[in-house]
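Here are the chains, one letter per residue:
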Amino acid sequence: MTFPNGALPLIEWVMVLGCLAATLPFKPWLPLRHRELQSPWLGAMVILPFAWWTRHLLPSGLALHVSGACLLVLMFGWPLAVWSITLVGVLATALEAFTPPRLNAHQRLMNEALPAIQGMTDLGPRLLHQADAIVAQVAWLGVLPATVGLLLGLAIRRFMPAHLFVFILGRGFIVTAVSVTLAGLAAAAIGRVPEGIDTSEWLLAHWLLGWGEAISTGMLTAIFVAFKPHWMLTYSDQRYLSGPPRPGP
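Residues numbered from 1 in each chain as written. Predicted model: local features only at pLDDT ≥ 70, side-chain atom pairs only at ≥ 80, totals over all residues. Heavy atoms only, no water.

Asker: Describe in detail the overall build of the chain, supporting the description with residues and values.
Answerer: In terms of regular secondary structure, the chain is built from ten helices and zero strands. Each helix and strand of the chain, ordered N terminal to C terminal, gives the series α-α-α-α-α-α-α-α-α-α. Burial status across the chain gives 41% buried among its 249 residues. For the chain, the share of sequence-separated contacts (at least 6 apart) that also reach a separation of at least 24 residues comes to 79%. (Helix = DSSP H or I, 4+ residues; strand = E, 2+ residues; numbered from the N terminus. Buried < 20%, exposed > 50% of the residue type's maximum accessible area, 1.4 Å probe, protein only. Contact = heavy atoms within 4.5 Å.)

Asker: Talk me through a nonpolar patch on the surface; I want residue IDs and the actual numbers.
Answerer: A cluster of nonpolar side chains, contributed by Phe 165, Leu 169, Ile 174, Val 178, Leu 182 and Leu 185, occupies part of the molecular surface with about 500 Å² of accessible area. Structurally, the position occupied by Phe 165 is in helix 8 (residues 164–189). (Patch = residues over 30% accessible without salt bridge, like charges linked within 9 Å, V, L, I, M, F, W, Y side chains within 5 Å. Areas by Shrake-Rupley, 256 points an atom, 1.4 Å probe, with all protein chains shown as cover. Salt bridge = Lys/Arg side-chain N within 4 Å of Asp/Glu carboxyl O.)

Asker: So, the layout of surface pockets: which residues are in play, and what are the values?
Answerer: Roughly 300 Å³ of internal volume is contained in the second largest pocket. Of all the elements in the fold, those that place two or more residues in the lining of the second largest pocket are helix 2 (35–53), helix 3 (69–76) and helix 9 (199–227). For the lining of the second largest pocket, the leading source of residues is helix 2, giving six residues. Tallied by class, residues from the lining of the second largest pocket come to twelve nonpolar, four polar and one charged. (1 Å grid on protein atoms, 1.4 Å probe; cavity = no way out; pocket = protein on both sides within 12 Å on 5 of 7 lines; lining within 4 Å. Points joined across faces, edges and corners; volume = space filled by probe spheres on them. Nonpolar A, V, L, I, M, F, W, Y, C, P; charged D, E, K, R; others polar.)

Asker: Pulling in residues and values, what's your account of the side chain of Ser 179?
Answerer: With respect to the secondary-structure elements, Ser 179 resides in helix 8. Looking at Ser 179, the relative accessible area reads 0%, which means it is buried. If we ignore the near neighbours within four places in the chain, the residues touching Ser 179 are Cys 70, Pro 145, Val 148, Gly 149 and Leu 152.

Asker: If you had to explain helix 7 (residues 131–159) to someone new, which residues and values would you point to?
Answerer: For helix 7, spanning 29 residues, the distance from its first C-alpha to its last is 40 Å, which sits close to the expected 42 Å at 1.5 Å a residue. Its axis deflected by about 45° at Ala 139, helix 7 carries its strongest bend there. (Expected span 1.5 Å × (residues − 1). Bend = angle between axes of the 7 residues up to and from the residue.)

Asker: Give a description of the packing of helix 3 against helix 9 that names residues and reports values.
Answerer: Remark: helix 3 packs on helix 9, axes separated minimally by 9 Å, with the N-to-C direction vectors making an angle of 20°. Here helix 3 lies roughly parallel to helix 9, going by the angle between them. The element helix 3 and its partner helix 9 pack so that their crossing is right-handed. Contact residues: helix 3 offers Ala 69, Leu 71, Leu 74 and Met 75, while helix 9 offers Glu 213, Thr 217, Leu 220, Thr 221 and Phe 224. A breakdown of the residues in the contact of helix 3 with helix 9 according to their chemical character gives six nonpolar, two polar and one charged. (Axes fitted to C-alpha atoms, helices over the stretch in contact; angles between N-to-C directions. Parallel < 35°, antiparallel > 145°, perpendicular 65-115°, else oblique. Left-handed = near helix turned anticlockwise from the far one by under 90°.)

Asker: Residue-level account of the packing of helix 1 (residues 7–23) against helix 7, with values.
Answerer: At their nearest, the axes of helix 1 and helix 7 sit 9 Å apart, and the two run at 55° to each other. Between helix 1 and helix 7, the interaxial angle falls into the category oblique. Where helix 1 crosses over helix 7, the two elements pack in a sense that is left-handed. Residues Pro 9, Glu 12, Trp 13, Met 15, Val 16 and Cys 19 of helix 1 pack against Ala 131, Asp 132, Val 135, Ala 136, Val 138, Ala 139, Trp 140, Val 143, Leu 144 and Thr 147 of helix 7. A breakdown of the residues in the contact of helix 1 with helix 7 according to their chemical character gives 13 nonpolar, one polar and two charged.

Geometry only, nothing functional implied.
In structure tokens:
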């Protein structure tokens, strides 16, 4: 089922604002009261905007990139992850204002400071002008994969054994691949496919992107569980390393 182009921005605004509102009863700011989570969260807010900005390096402005949404859910919980993803989308768009056009060496030397000056003066109006584009990117590459990842993760927690391998492979790897792929399928189902791109190509791109992001998320999940378990809000040594109960005497 597809929707008219004019209805798509409204759907995306409802998706993002609805999820942001749904997080408020869970007090998404609470994880940041833990000092051990503050540094990784700040690091994510520095690194991820540059990862999102790389979409401008793709042909035709194809908005496909590693989002880190499922990893943020594992590290900070779904409520804070939703707000963090929204902030990343805004910061990534702000980076565009400070990105000079592709110039030759002489032009870069002559105009080195000009893009930064223009970027600072035009930042506010530019963000407002691109509000719909920011929300669309946040919805399909951030909020939706994060929410699907949360639901699949809860299902794994409920129906699968509390085993370290299940957490790393299931929630870190498989859930990420499925979440990104389903987000691309949902976008195609309602007609959110860029012009000039075939639907089959769009789905293939999300399938490949999902597995690529699954590898990075699964790898980082394994590293953090091994060396920085306090960075993973959804992980607990008591749950996943306690082993089977011992029989009584």
